[in-house]
Amino acid sequence: MVQRIGLVGCGVISDIYLRNAALFRDIRFTACADMRTEAADARASQYGLRALSLDELYASDEVDIVLNLTNPDAHAGVSLRALGSGKHVYTEKPLATSLEDGRAIVALAREKGLQVGSAPDTILGPGLQDCRRLIDDGTTGRVISGVATIMSRGMEHWHPAPAFYFKPGGGPILDMGPYYVGALVTLLGPVAKVTAVGRVGLPERVVTAEGPNVGQRIEVEVPTTVHAVLSFESGAQVTLLASWDVWKHAHLPIELHGESASLRVPDPNFFGGRIERAENRDEWTSSEAADRFFGQANYPVAKPLYANYRGLGLAEMARAIEGGRQARVNGEWAFHVLDVMLAILRSADEERGVAVASRCERPERLSDEEALSLLKPAEV
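Since the model is a prediction, treat every value here as computed from it, not as a measurement.

What counts, and at which threshold
Residues numbered from 1 in each chain as written. Predicted model: local features only at pLDDT ≥ 70, side-chain atom pairs only at ≥ 80, totals over all residues. Heavy atoms only, no water. 1 Å grid on protein atoms, 1.4 Å probe; cavity = no way out; pocket = protein on both sides within 12 Å on 5 of 7 lines; lining within 4 Å. Points joined across faces, edges and corners; volume = space filled by probe spheres on them. Helix = DSSP H or I, 4+ residues; strand = E, 2+ residues; numbered from the N terminus. Buried < 20%, exposed > 50% of the residue type's maximum accessible area, 1.4 Å probe, protein only. Contact = heavy atoms within 4.5 Å. Expected span 1.5 Å × (residues − 1). Nonpolar A, V, L, I, M, F, W, Y, C, P; charged D, E, K, R; others polar. Pairing = 2+ DSSP bridges. Axes fitted to C-alpha atoms, helices over the stretch in contact; angles between N-to-C directions. Core = buried A, V, L, I, M, F, W, Y, C linked by side-chain atoms within 4.5 Å. Disulfide = S-S within 2.5 Å.

Asks: Give me the lowdown on the layout of surface pockets, citing residues and values where you can.
Replies: Within this model, the second largest pocket holds a volume of roughly 270 Å³. Lining the second largest pocket are 15 residues, with Gln129, Arg292, Leu366, Ser367 and Asp368 positioned closest to its centre. Counting only elements with at least two residues in the lining of the second largest pocket, the list comes to helix H6 (126-136) and helix H11 (368-373). Ranked by the residues each element gives to the lining of the second largest pocket, the list is headed by H6, at 4 residues.

Asks: Before we move on, could you go through H6 and cite the residues and values that matter?
Replies: Judged by how many residues are buried, H6 sits mostly within the fold: 9 of 11 residues are covered. Buried residues of H6: Pro126, Gly127, Leu128, Gln129, Asp130, Cys131, Arg132, Leu134 and Ile135, and no others. Of the surrounding elements, those touching the buried residues of H6 are strand S7 (143-151), helix H8 (177-188), strand S13 (254-258), strand S14 (261-265) and strand S15 (274-279). Residue glycine 138 follows H6 closely and has a positive phi angle near 90°.

Asks: Let's hear about helix H4 (residues 72-84): which residues, and what values?
Replies: With 13 residues, H4 should reach 18 Å at 1.5 Å per residue; the first-to-last C-alpha distance of 19 Å fits that figure. Considered for burial, the residues of H4 that qualify are Pro72, His75, Ala76, Val78, Ser79, Ala82 and Leu83. In the core, the buried residues of H4 are packed alongside strand S1 (3-8), helix H3 (54-59), strand S4 (65-68), strand S5 (88-91), helix H5 (99-112) and strand S6 (116-118). Positive backbone phi, at 85°, marks glycine 86, one or two positions downstream of H4.

Asks: Explain the side chain of asparagine 308 to me, using residue names and the numbers behind them.
Replies: Position of asparagine 308 among the secondary structure elements: in the loop between strand S16 (285-288) and helix H9 (312-323). Classification of asparagine 308 as buried rests on a relative accessible area of 5%.

Asks: An account of empty space enclosed by the protein is needed here, citing residue identities and associated values.
Replies: Scanning the model with the defined rule gives 1 cavity of 30 Å³ or more in all. Estimates place the volume of the largest cavity at around 50 Å³. Lining the largest cavity, in full, are Lys93, Pro94, Leu95, Ser118, Ala119, Pro120, Pro178, Trp333, Ala334, Val337, Leu338 and Met341. No other element matches the 5 residues that helix H10 (residues 331-350) contributes to the lining of the largest cavity. Its residues placed into classes, the lining of the largest cavity shows 10 nonpolar, 1 polar and 1 charged.

Asks: Give a detailed account of the sheet that holds S5, specifying residues and quantitative values.
Replies: With parallel pairing, the 6 strands of this open sheet are ordered in space as S3-S2-S1-S4-S5-S6. The open sheet is flanked by strand S3 (50-51) and S6, the only strands paired with a single partner. Across 2 bridges, the pairing between strand S2 (residues 27-33) and S3 is parallel. Among the inter-strand pairings, cysteine 32 is bridged to a residue of S3, identified as alanine 51. Against the sheet, H4 contacts S1, S4, S5 and S6, and its axis sits at roughly 175° relative to S4.

Asks: Which residues make up the nonpolar core, and what are the values?
Replies: One recurring pattern in soluble globular proteins is that nonpolar side chains are buried together. With 118 residues, the main nonpolar core has Leu188, Leu230, Leu256 and Ile344 as its most contacted residues. The element contributing the most residues to this core is H10, with 11 residues.

Asks: I'd love a proper account of the state of the cysteines, names of residues and values included.
Replies: Under the defined criterion, the tally for this structure stands at 0 disulfides. With no disulfide of its own, cysteine 131 lies closest to cysteine 360 among cysteine sulfurs, the gap being 18 Å.

Asks: Please set out the sheet that holds S15 residue by residue, giving values where relevant.
Replies: Strand order in the open sheet formed by 9 strands is S16-S15-S14-S13-S7-S12-S11-S8-S17, and the pairing between neighbours is mixed. Sheet topology places S16 and strand S17 (354-355) at the edges, where each strand pairs with a single neighbour. Bridge count between S15 and S16: 4 bridges; the pairing is antiparallel. Note that in S16 the partner of arginine 274 across the bridge is glutamate 288. Strands in contact with H10 are strand S8 (191-199), strand S11 (225-232), strand S12 (237-243) and S17; relative to S8, the strand with the most contacts, it is inclined by about 45°.

Asks: Help me get a handle on the environment of glutamate 361, residues and values and all.
Replies: Structurally, the position occupied by glutamate 361 is in the loop between S17 and H11. Residue glutamate 361 is classed as exposed on the basis of its relative accessible area of 69%. Separated by 31 residues in sequence, glutamate 361 and asparagine 330 place their C-alpha atoms 10.0 Å apart.

Next comes the structure, spelled out in structure tokens:
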């Protein structure tokens, strides 16, 4: 049965979800809403949807799943309201911006018998799934250590309204961290402890992206450079370097080192990419995920360079609802990722190691056959 989707939050990220929805069998967008009615009207006109008020969307009999694409500080409120209205929820990352809100979302979904899914669904792409297979099959041996890096100059150079990135709920850990922590938890299992340091790099940012906010000065209220060590329950230790204070660098997104081999993991912000591994101090051997559908470049539309299939997790959750099983990018997994990220920020703030109390199962691997079954026949 096709799950009908109501979109809340019609900003920049909504376009790729709406565009990609045409690929999938099990989802169909029916309505959209935004506090800015003009934004909802524009998306509705563009994609043939009904523009509703928030109250109307939550009450609609034509919405089964609420897709929550609001700013991070609104994630919890929208998700709780949707669950309280009897709707399943799929939210952009992070699940929430506090442990209390994250727990409340997971608990309410369980109480109501509903599902919560959460980005990033990039972990379901062939880039990360191939790395997961290599680790599970013993190619690397037990993973001992690794390094993950999130480095750039920040968001004010490209995003037309970037202020929220530098306020509580933003920063590189809560904004980009879900991709990297989510990937690491998917590959290695849950994190048991973190130790971190952090600081505000530049106390003020100036918007240079074209748009109505160009020239706006933003006071930075969250750490923009954070270095953390993640100690996994498996025994692996991974250093995470996250900074929006970097002009240029040569670090790879994720590199893991096991008893038998080293593994270079593609950028977890996308679905495909190059996988490299080396054994016995030999040269790197590489493989590409681009020969499989969710690894093929499709973004930007005018000149595709990256595999961007956001919405894959939403479609997989719709299939899970129909099959009476838990979605892969589920609330428990997303809550653990949130728990790890908040522990990193707390460790940096308190200058001490912090234990991570929550645990989760690694999402089940997604086979090529199952991934392709999510597509409409014309796309297979």
